[in-house]
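Given next are the chains, with one letter for each unit.
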Amino acid sequence: QVQLVESGGGLVQPGGSLRLSCAASGSIYSIYVMAWYRQAQGRERELVARITNDGSVNYEDSVKGRFTISRDNSKNSVYLQMNSLKPEDTAVYYCNALLRSDSERGPGNYWGQGTQVTVSS
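Residues numbered from 1 in each chain as written. Predicted model: local features only at pLDDT ≥ 70, side-chain atom pairs only at ≥ 80, totals over all residues. Heavy atoms only, no water.

## Let's talk about the overall build of the protein chain
Worth spelling out the cut-off: Where helices and strands are cited, they refer to DSSP runs of H or I of at least four residues and of E of at least two residues respectively, numbered from the N terminus. In this setup the radius of gyration rests on C-alpha atoms only. A globule is expected at 2.2 Å times the number of residues raised to 0.38. Exposure classes here rest on a 1.4 Å probe applied to the protein chains alone. A residue is buried below 20% of its type maximum, exposed above 50%, and partly exposed in between. Residue contacts are defined here by distance: any two heavy atoms, one from each residue, within 4.5 Å place the two residues in contact. For the accessible areas, the method is Shrake-Rupley and the probe is 1.4 Å, while residue cover comes only from the protein chains on display. Positive residues here are Lys and Arg, negative ones are Asp and Glu, while His and the chain termini are left out of the count. Where a charge sits is defined by one atom per residue type, namely NZ (Lys), CZ (Arg), CG (Asp) or CD (Glu).
On a plain count of helices and strands, the protein chain comes out with zero helices and 11 strands. Going from N to C terminus, the protein chain has its helices and strands arranged as β-β-β-β-β-β-β-β-β-β-β. A compact globule built from 121 residues should have a C-alpha radius of gyration of about 14 Å, and the protein chain, at 14 Å, falls within 12% of that. Counting only C-alpha atoms, the protein chain reaches 45 × 25 × 25 Å along its principal axes. Out of the 121 residues belonging to the protein chain, those deemed buried represent 40%. For the protein chain, contacts bridging at least 24 residues in sequence account for 55% of all contacts bridging at least 6. A total of about 6500 Å² of accessible surface is found on the protein chain, and carbon and sulfur atoms cover 42% of it. Charged side chains of the protein chain number 12 positive and 11 negative; the gap between the two group centres comes to 2 Å.

Bear in mind that shape data such as this cannot, by itself, settle questions of function.
So, in structure tokens, the structure goes:
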């Protein structure tokens, strides 16, 4: 069984920084794409950043220049460095992975449990 476990959320003042981590565990054959999504209260879940297994990255416009996504394929992990945080970044952040487990014939979409990020003075 595959699991994604996030860590690193918390309360930070505007202008501050946080680093989110997510590790995938279980019987994993291959991870294709890893990403971070977020969902603010009363809003739909949105893509924040994604990174492919060859290192190609995409960012949501409002986080460009402030957030950096990276991954460590040897650890099946993805990270999100968040700088210059704003109150509007407040949300539950979810780790996502498109991966194939040992028991599957094709890729599946997996989610972590979410970690709260609150930006407030």
